[in-house]
Amino acid sequence: MRTHPPSRRRRTAVAAALVAAVAVTATGCGSGASGGNAKSGDKPFIALSNGFIGNGWRQTMIAKFEAAATKAQNDGLISKFKVVNAPGENSATEQVAQIKSLLLQKPDALLIDPASPTALKPVIQQACDAGIKVVVFDSAIDAPCAHVLLNSFKDWATAAAEPLVKGIGGKGTVIVSRGVVGSQPEAEMYQTTQDILAKNPDVKVAATVNGMCDGAKAQKAVLGVLSSVPKVDGVIGCGDGYGVAQAFPTAGKPVPAVTFETNGRALKYWQDSKLDNGSVAVMSDPGQSVAALWEAIDLLDGKDVPKEMTFPIVLVEQKDVAAWAGVLKPDEYAAWPWTQELFRQQVEAVKSGAAPVQPPIPTAAG
Ligand code: LTH
């Protein structure tokens, strides 16, 4: 039988009035409202704050959360949920303001995909002090009271750069397309990429652009430098290779090795073009938001969950391209289908130091 802190019911009553008031004035920031069939009672209210919504990975991450939260609501595990996406280009200031407004609605748990590893520290502490369980996902964070669930950004950057460098024979010219600059994952990935390039001195960086892990933005950014760089053998990116690949024919140049998005469109292109030049498809898992939902529910239930957990990245190997490409919509990114049971198995794996759980490749579109 689940127990709650004594203050919880009181908070819920006050929150109900506040939420009703705020719901009326809510703008188009994206919200998952409580549905009519929710078994509310003392079930928790889960809020999610996302610091950036400007690429398809983030959009898939939010879509997966909303689908899982709707099911959890219908199953009576939560009373309601709310998602707030900060506008702009990964602005921590915007996100802090939005979290402050979310706190007025008194969620029981707050999930955060943060715009910055440092700037959110005070507002996270404020949430913890109010008795809210905070789960930061998709990033490390300087906030000791928060639980953290993330992927290994070093593994991701290594899986992106090493095969590409090998594929071009360890020498040549590359462009580096950076991701969501300002976020912790990007900082760790960029450092990892630089470390790998430092070990391969015959690979020269002709240009560094900012693609924000977004094919369309990366296409524009790469096209902007193509006339001023020599022959390019590869573009090391943050899951933007389909867009990057389109830039080359536009500039009259051959498509080099790229780092594909793990979405349906890019994987289908990779499958059809049969590019075998060091190109890879790897990203972190947008299903982390669903794992974070299960974590919040277990924390509110008093379960023992490690303070920091690393979940597996999504590396789409050549042998699995057809399986993923067959189930993903063009703009949908490959996500591990974390059920509550698989989540709990992964928690046990983290606790015991066992190999990470390997969820199945989904067999139907999400
Ligand atoms: O910042 C992003 O959108 C990146 O895709 C990462 O968050 C994913 O880990």
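Residues numbered from 1 in each chain as written. Predicted model: local features only at pLDDT ≥ 70, side-chain atom pairs only at ≥ 80, totals over all residues. Heavy atoms only, no water.

Trainee: How should helix α4 (residues 121-129) be read in this particular structure?
Mentor: Regarding α4, the residues found buried are Val123, Ile124, Ala127 and Cys128. When α4 is viewed along its axis, its buried side chains cluster within an angular range of 145° and face the same direction. Opposite the buried face of α4, at more than 90 degrees from it, the exposed residues are Pro122 and Asp129. Next to the buried residues of α4 lie α3 (92-103), β3 (109-113) and β4 (133-137). Two residues or fewer after α4 comes Gly131, characterised by a positive phi angle close to 85°. (Buried < 20%, exposed > 50% of the residue type's maximum accessible area, 1.4 Å probe, protein only. Helix = DSSP H or I, 4+ residues; strand = E, 2+ residues; numbered from the N terminus. Arc of directions from axis to C-beta. Contact = heavy atoms within 4.5 Å.)

Trainee: What's the story with the sheet that holds strand β10 (residues 280-283) in this structure? I'm lost.
Mentor: Neighbouring strands of a sheet are bound in pairs by backbone hydrogen bonds; such pairs are parallel or else antiparallel. Ordered in space as β7-β6-β8-β9-β10-β12, the 6 strands form an open sheet in which the pairing is mixed. Edge positions in the open sheet fall to β7 (203-210) and β12 (314-315), since each of these has one partner strand only. Pairing between β10 and β12: 2 bridges, direction antiparallel. Bridging from a neighbouring strand, Val282 pairs with Leu315 of β12. Strands in contact with helix α5 (residues 153-167) are β6 (172-178), β7, β8 (234-236), β9 (257-260), β10 and β12; relative to β10, the strand with the most contacts, it is inclined by about 170°. (Pairing = 2+ DSSP bridges. Axes fitted to C-alpha atoms, helices over the stretch in contact; angles between N-to-C directions.)

Trainee: How should I be thinking about the sheet that holds strand β11 (residues 308-311) in this particular structure?
Mentor: Here 6 strands make up an open sheet; going across it, the order is β2-β1-β3-β4-β5-β11 and the pairing parallel. Each having just a single partner strand, β2 (80-85) and β11 make up the two edges of the open sheet. The mean angle between the axes of side-by-side strands here comes to 15°, regardless of whether they run parallel or antiparallel. Two elements, strand β1 (residues 45-50) and β2, share 6 bridges in a ladder whose sense is parallel. Bridge pairing in β2 places Ala47 opposite Lys82. Along the sheet, helix α12 (residues 340-352) makes contact with β5 (147-151) and β11, crossing β11 at roughly 115°.

Trainee: Hey, could you run me through the pairing of β11 in this one?
Mentor: Regular strands place side chains that alternate from one sheet face to the opposite one. The side-chain alternation of β11 yields one buried face, formed by Met309 and Phe311, and one unburied face, formed by Glu308 and Thr310. Direction of pairing for β5 relative to β11: parallel, over a ladder of 4 bridges. Its bridge partner lying in β11, Leu149 is registered against Met309.

Trainee: How do you make sense of the nonpolar core when you look at a structure like this?
Mentor: Inside soluble globular proteins, nonpolar side chains tend to come together where they are buried. Within the largest apolar cluster, 102 residues are counted, with the highest numbers of intra-cluster contacts made by Leu111 and Ile124. Residue contributions to this core peak at 9 residues, all from helix α10 (residues 288-300). Beyond its immediate chain neighbours, meaning those up to four positions away, Ile124 contacts Ile112, Val134, Val136, Ile141, Ala143, Cys145 and Ala146. (Core = buried A, V, L, I, M, F, W, Y, C linked by side-chain atoms within 4.5 Å.)

Trainee: Just to check I follow, could you spell out the pairing of β4 for this structure?
Mentor: Taking burial as the measure, the 5 residues of β4 include 4 buried ones, the bulk of the element. Across 4 bridges, the pairing between β3 and β4 is parallel. Among the inter-strand pairings, Leu110 is bridged to a residue of β4, identified as Val134. With α4 bridging β3 and the parallel β4, this β-α-β connection has right-handed handedness. (Right-handed = clockwise from strand over helix to strand, strands pointing away.)

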